Amino acid sequence: MSELQDLALELRRQLAWQESDGTRGLLRSPGPAQPAEKAPAPARRPESAPAPAPVSDATPGAEQTLEQVRAELGACTRCKLCKARKNIVFGVGNPRAELVFVGEGPGEEEDRQGVPFVGAAGQLLTKMIEAMKFSRDSVYICNVVKCRPPGNRNPEPEEIAACEPFLKAQLGVIKPKVIVALGKFASQTLLRDTTPITRMRGQWRSYEGIPLMPTFHPAYLLRSPDEKKKAWLDLQEVMKKFGKK
Ligand code: URA
């Protein structure tokens, strides 16, 4: 009987995020990350733009730490997103995480708190992580751009290009076993591939030798709950990589 109860509990936990719309008590807003069929401009730096600051080791040849990457980012003014931001949203979680989630960019609540994925989409992401039998603390969560695009607009190619060295540095320090790219900006930036997320999702890819699973962004799933089934299939593929059923 208790085995049956355990099974029921497990099933309920896994289905919780799929059944909830994650917006209870929160205002619904259109939000970012629509999986547009048309790919956005790739995150390519215009020839005229200055090269992003190098993200270098404090000691040549030494292993970098996330603290060093954060220090190098400093009070960043490398792009215009610095003008309206309240806080830089660097990343949160386990610096030795085996699983990293990469989102698009901070929203209003993330900007206010300086922590990624703490708004409505973040609540859904937390449920997704727990449904995968991970805890939020055991993984690492960050974004392509570290400052909020005003009004939750899409990040622009120059903004992505300015921030990308820091995302790459974070992933280089953590060296996760698997990366989950949430939505088109994370997927297209990391993979240098302008294929729409609707076509890219669910297929294993590789980022610098690390298996990467592109899937839908939780903000999109809040607006299109029917798509949660596809996202769950993608996350189950990730679970298999960790030997989780
Ligand atoms: N959406 C994102 O892409 N990142 C966040 O941190 C929050 C919402």
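What comes next concerns the included structure.

What counts, and at which threshold
- Residues numbered from 1 in each chain as written.
- Predicted model: local features only at pLDDT ≥ 70, side-chain atom pairs only at ≥ 80, totals over all residues.
- Heavy atoms only, no water.
- Core = buried A, V, L, I, M, F, W, Y, C linked by side-chain atoms within 4.5 Å.
- Buried < 20%, exposed > 50% of the residue type's maximum accessible area, 1.4 Å probe, protein only.
- Helix = DSSP H or I, 4+ residues; strand = E, 2+ residues; numbered from the N terminus.
- Expected span 1.5 Å × (residues − 1).
- Bend = angle between axes of the 7 residues up to and from the residue.
- Phe/Tyr/Trp six-rings, centres within 6.5 Å; stacked < 30°, edge-to-face > 60°.
- Lys NZ or Arg CZ within 6 Å of the ring centre and 35° of its normal.
- Pairing = 2+ DSSP bridges.
- Near = heavy atom within 4 Å.
- Polar contact = N/O pair within 3.5 Å; in protein donor to acceptor, adjacent residues only side chain to side chain.
- Areas by Shrake-Rupley, 256 points an atom, 1.4 Å probe, with all protein chains shown as cover.
- 1 Å grid on protein atoms, 1.4 Å probe; cavity = no way out; pocket = protein on both sides within 12 Å on 5 of 7 lines; lining within 4 Å.
- Points joined across faces, edges and corners; volume = space filled by probe spheres on them.
- Nonpolar A, V, L, I, M, F, W, Y, C, P; charged D, E, K, R; others polar.

Details of the nonpolar core
Formed by 33 residues in total, the largest nonpolar core has its most connected members in V102, Y140, L171, I179 and L190. Put simply, the parts of the chain that give this core at least two residues each are α2 (66-73), β2 (99-103), β3 (140-143), α5 (157-174), β4 (178-182), α6 (183-191) and β6 (210-215). In this structure, I197, M213, F216 and L235 belong to the second largest nonpolar core, which totals 29 residues.

What to know about α5
In a regular helix each residue adds 1.5 Å, so 18 residues correspond to 26 Å; α5 covers 25 Å between its end C-alpha atoms and thus fits that length. By the largest-angle criterion, C163 marks the main kink of α5, which is about 40 degrees, and a proline, P165, follows within four residues. Burial of α5 is extensive: 14 of the 18 residues sit out of reach of the surface.

Some points on the packing of aromatic side chains
For any pair of aromatic rings, the description consists of the separation of the ring centres together with the inter-plane angle of the planes. One pass over the structure, following the stated rule, counts two aromatic pairs. Ring centres 5.1 Å apart and planes at 80 degrees place the aromatic pair F134 and F242 in the edge-to-face group. Taken together, the positions of F134 in the loop between α4 (120-131) and β3 and F242 in the segment after α9 (228-241) put the pair 108 residues apart, joining distant regions of the chain. As far as burial versus exposure is concerned, F134 and F242 are alike and both buried. On the numbers, 4.9 Å between centres and 55 degrees between planes, the contact of F216 with Y220 is tilted. Comparing F216 with Y220, the two get one shared label, buried. We note K241 situated over the ring of W204; from NZ or CZ to the ring centre the distance is 4.6 Å. The ring of F134 has K244 sitting right over it, with the charged end atom 4.2 Å from the ring centre.

Points about the pairing of β6
Here β6 lies mainly inside the structure; five of its six residues are buried. The pairing of β4 with β6 spans four bridges and is parallel. Bridge pairing in β6 links V180 to M213. As judged from the three bridges shared by strand β5 (residues 205-207) and β6, these two strands associate in the antiparallel manner. In the sheet register, Y207 faces β6, and the bridge partner there is I210. Hairpin geometry of β5 and β6 is characterised by an intervening segment of two residues between the two adjacent antiparallel strands and by a positive phi of about 45 degrees at E208.

As for the site of the ligand
Residues in close proximity to the ligand include G103, E104, G105, E110, P116, F117, N143 and H217, which together make up its full environment. In this structure, a nitrogen atom belonging to the ligand sits 3.0 Å away from a main-chain N or O atom of G105. One of the side-chain nitrogen or oxygen atoms of H217 is found 2.7 Å away from an oxygen atom of the ligand. Considered on its own, the ligand offers 230 Å² of accessible surface; in the complex 95% of this is hidden by protein.

Observations concerning empty space enclosed by the protein
One pass over the structure, following the stated rule, counts two cavities of 30 Å³ or more. What lines the largest cavity is a set of 15 residues, and nearest its centre among them are C76, C79, K146, C147 and C163. No other element matches the four residues that α5 contributes to the lining of the largest cavity. Taken together, the residues that form the lining of the largest cavity break down as eleven nonpolar, no polar and four charged.

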